[in-house]
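# Geometric and topological summary
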There are 2 protein chains.
Amino acid sequence: MRVALLGSAQTPFGVSELDTRRLASQAIVQAAVDAGVGGSDLDVAFCGYAITGLLDGQENVVGHLALRDAGMAGVPVTRVENACASSACALHEAVAAILSERADVAVAFGVEKMTGQSTSDAMRALAGAGDVPFEAEIGMTFPATFALLARRYGELYGDPREAMAAVAVKAHRNAGANPKAHLRREISPSDVYEARLVADPLTLLDCCPVSDGAAAVIVASERYVARHGLAPAAWVRATALSAGTFDDNSTLDGFAATRTAAARAYEEAGIGPQDVDVAEVHDCFTIAEIFHVEDLGFADKGKGAQITLAGETDRGGRIPVNTSGGLKAKGHPVGATGIGQICELVDQLNGRAGSRQVDDPRFGLAHCMGGFLAGDCASLAVTILERP
Amino acid sequence: MRVALLGSAQTPFGVSELDTRRLASQAIVQAAVDAGVGGSDLDVAFCGYAITGLLDGQENVVGHLALRDAGMAGVPVTRVENACASSACALHEAVAAILSERADVAVAFGVEKMTGQSTSDAMRALAGAGDVPFEAEIGMTFPATFALLARRYGELYGDPREAMAAVAVKAHRNAGANPKAHLRREISPSDVYEARLVADPLTLLDCCPVSDGAAAVIVASERYVARHGLAPAAWVRATALSAGTFDDNSTLDGFAATRTAAARAYEEAGIGPQDVDVAEVHDCFTIAEIFHVEDLGFADKGKGAQITLAGETDRGGRIPVNTSGGLKAKGHPVGATGIGQICELVDQLNGRAGSRQVDDPRFGLAHCMGGFLAGDCASLAVTILERP
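The following refers to the structure shown. Being a predicted model, the structure only gives us computed values, none of them experimental.

This paragraph deals with the interface of chain A and chain B. Residue-level contacts link 53 residues of chain A with 53 residues of chain B. In total, about 4,100 Å² of surface goes out of reach between chain A and chain B, with carbon and sulfur atoms giving 46% of it. Of all residues in chain A, the largest losses of buried area upon contact with chain B belong to Glu59(A), Asn60(A) and Arg102(A), amounting jointly to 17% of the total for that side. Counting across the chain A and chain B interface gives 8 salt bridges. With a closest N to O distance of 2.9 Å, Arg68(A) and Asp131(B) form a salt bridge.

Structure below.
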């Protein structure tokens, strides 16, 4: 049985006046309108958020509060959490609900409100995605970890500094064409080099911002779509998960868990990386995109920097990556990111991406990572959509 | 397709020296041994916990850390959270993974470490299962809410004080026969009446304790069981969810969400309340058991107190309820409770419940509630197991 994606919506990512529940309810209502369904059509809901408990003390029932605010109280809702991959995993469970024939229509949504607190509070909360007593205590924050990975990449394949800047420049350029993006100003490579150093070699412009936002999608069974004569916005061809660490052979030359999730997703969809026309990739730091485009199969090992510099991941390139602006410039409200990526793919596949539209895409891939890479704490989710 | 339960285990509930991950890994390893499977047989994992973020700052990746400690790193694991129903919902998603044919073998586990902090810290964290800015701020804690419900029950059906004490006495008696229970000493009705008042009419002995603990179950597809010639410990006949509030007609005479989830579960299993031979019911406070046995269909509306006083819910009665000791005396490590209930049912259905064994049960029902009853914040999970 196929699973249809009926509608999608996201709030603007950035600094919002809305609180968590209202951000989420706004995305839910807009996705329902986009799908042409109402609250009474929903059989089940899955809600992703990661660090709201630590940031505002409301660790539980955010999904219930959001659905109530959306006028949809009474829909059974379960929170799904996997750090920054929370809403990608919420979509995975919504698809499971359809595939198991327990539900005909499901909503999956994700939300995070991060800007109400200081950046250091947000960083402390995010460090909970690692092994707190071990990693957080020794200062293995996310920027520190990715800085070490950038250095390792340089040792193995040559200095990625220029390619990292190219990732940032591309992200800001794409975000400029995305009205929902957080950081929309164009930047130059020298802006990246000269920005404040965060963790050598990462500067501030190598790092995604702290953002607020929410995103939602409605999925449905093929029989429901047929019975109601609906036109899907996309078919969900694969949602695959993996868990893991930096690398199974400890060479630190890539993300084994990305390779595993991608292999599962390609098998489920019956396609290969060469079939993907547009991709959203988890670029929490510029170096991450370079690693991940290799591990997703878009470039050979060690060639991610090279294809980036050659413009192959640009909007008009061979495999456009992060046309939305990515986490880096569209923003990264952690619990909302996974479904935010899906929203971009749906827009691209339906020719509604405005000035950032790529040419006639058929397959879109989203790649979302949650948790720390060290210590077997990472979860990877790869989703593949097909244009109807 | 049917879903088999292959094995189950729980740690002792009570005050533990172990931290969250080690509690969980202990339950996982013991459940795997009970099931006769190893980590390499597991396709996917679902982990339930509710308030670990607020209590020890590790809001994310507890499931990853527990699996690593169990020697099972690399199994894709997703956190499932629904306040006190977290692990009941984790089992629901594990069953969905099997039914959707994405997995053949799954582990669902739940854990909470609550005693390391002061009781007031634990209560503050638990208040996050309600609408924090509204309910928590006005003092609508769980004890306050259930005290109001006890008064309402008295107005409608007569004073439940004596029946509430009977629930507590029964819970402690059953816990005395359960080596895994937290509060194993026998108590008398006058002990209940004379205990410290918490929220009138609830005394300390009407309230479940703050406990540590973990529980895990292994489920598998029918084809996996057949292929490997395994003997299931039980068949999962239903796992049903609902969301809701006190009561859909605002009479506050019962829990509408319990009735909804129970109706769904009975329909899925093809049985009725009269077929249930043993039940674990969410008795976070003594009055809760009285409400819920009515809404589960074990007693007519307003007769829950009466059947309790008549001994019908005792171990040798018509419908034995909380033979484990229940939340009230077995203990309530919130994220572990739902699967802890399942462990008791599995023991009863397999004749391994020792001196608390009921006579030849075929169907067992577990009822687990998460979130506040006010404000549409509650999630209800009802699970029905059948003896193979």
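Residues and elements named next belong to chain B. Where helix H1 (residues 20–35) contacts helix H3 (residues 62–69), the two axes come as close as 8 Å, and the packing angle between them is 55 degrees. It follows from the interaxial angle that H1 and H3 lie oblique. Handedness of the H1/H3 crossing: right-handed. Contacts between H1 and H3 involve Thr20, Arg21, Arg22, Ala24, Ser25 and Ile28 from the first element and Val62, Leu65, Ala66, Leu67, Arg68 and Asp69 from the second. Split by residue class, the contact of H1 with H3 holds 6 nonpolar, 2 polar and 4 charged.

For the rest of this paragraph, the subject is the packing of aromatic side chains. Residues and elements named next belong to chain B. Overall, the coordinates contain 10 aromatic pairs over all chains when judged by the stated rule. Each ring, one from Phe146 and one from Phe255, has its centre 6.3 Å from the other, and the planes form 70 degrees; the classification is edge-to-face. On the criterion of sequence distance, the pair formed by Phe146 in helix H7 (residues 142–157) and Phe255 in the loop between strand S8 (234–244) and helix H11 (256–269) is long-range, its members being 109 residues apart. Each member of the pair, Phe146 together with Phe255, is buried. Relative to Phe291, the ring of Phe255 lies with its centre 5.1 Å away and its plane at 10 degrees, an arrangement referred to as stacked.

Attention shifts here to the environment of Val281(B). Residues and elements named next belong to chain B. On the secondary structure map, Val281 appears in the loop between strand S9 (278–280) and helix H12 (286–295). You can call Val281 buried: its relative accessible area is 0%. Setting aside anything within four residues of it in sequence, one finds Val281 in contact with Glu289, His292, Leu296, Val321, Asn322, Leu327, Gln341 and His367.

Taken across its 10 residues, H12(B) has 10 buried, putting it largely inside the fold. Once H12(B) ends, the next one or two residues include Gly297(B), with phi positive near 90 degrees.

Along the chain, Glu93(B) falls in helix H4 (residues 86–99). Put simply, Glu93(B) is tucked away with no salt bridge, and the nearest opposite charge, on Arg102(A), sits 5.3 Å away. When near neighbours in sequence (up to four residues on either side) are disregarded, Glu93(B) contacts Phe46(A), Glu93(A), Phe46(B) and Val80(B).

This part covers unusual backbone geometry. Residues and elements named next belong to chain A. Note that the residue after Asp200, namely Pro201, is joined by a cis bond; omega there is 10 degrees. Inspection of the secondary structure assignment puts Pro201 in the loop between strand S5 (197–199) and strand S6 (202–203). In the Ramachandran plot, Ala83 falls in the positive-phi region, its phi being about 55 degrees despite a non-glycine side chain. Its location among the elements puts Ala83 in the loop between strand S3 (77–81) and helix H4 (86–99). Classification of Ala83 as buried rests on a relative accessible area of 1%.

Rules behind the numbers
- Each chain carries its own residue numbering, running from 1 in the written order of its sequence.
- All chains are assigned letters beginning at A, and all ligands numbers beginning at 1, according to the order in which they are written.
- Reporting in this predicted model follows two pLDDT cut-offs: at least 70 for local features of residues, and 80 or more for side-chain atom pairs to be given and counted; totals over whole chains, interfaces and linings ignore these cut-offs and use all residues.
- Excluding hydrogens and water, the side-chain values take into account all heavy atoms of the structure.
- Note on definitions: a residue-residue contact is assigned when non-hydrogen atoms from the two residues lie within 4.5 Å.
- By convention, the term buried area covers the 1.4 Å-probe accessible surface removed from two parts as they join, with the contributions of both added.
- Salt bridges, as used here, are contacts in which a Lys or Arg side-chain nitrogen is within 4 Å of a carboxyl oxygen on Asp or Glu.
- Where helices are involved, their axes are fitted lines through C-alpha atoms of the stretch in contact, as for all axes, and angles between N-to-C directions lie from 0 to 180°.
- Strands here mean DSSP runs of E at least two residues long; helices mean DSSP runs of H or I at least four residues long; both are numbered from the N terminus.
- Under this scheme an angle from 65 to 115 degrees is roughly perpendicular, one under 35 degrees roughly parallel, and one over 145 degrees roughly antiparallel; angles in between are oblique.
- By convention, the crossing between two helices is left-handed when the near helix turns anticlockwise from the far helix through less than a right angle, and right-handed when the turn is clockwise.
- Residues are grouped as follows: Ala, Val, Leu, Ile, Met, Phe, Trp, Tyr, Cys and Pro are nonpolar; Asp, Glu, Lys and Arg are charged; every other residue, Gly included, is polar.
- When the centres of two rings from Phe, Tyr and Trp lie within 6.5 Å, Trp using its six-membered ring, the rings pair. Their planes under 30 degrees apart give stacked, over 60 give edge-to-face, and anything left gives tilted.
- Throughout, exposure labels follow a simple rule: accessible area from a 1.4 Å probe, protein chains only, divided by the maximum for the residue type, with under 20% read as buried, over 50% as exposed, and the rest as partly exposed.
- Note that His is not counted, nor are the chain ends; the positive residues are Lys and Arg, and the negative ones are Asp and Glu.

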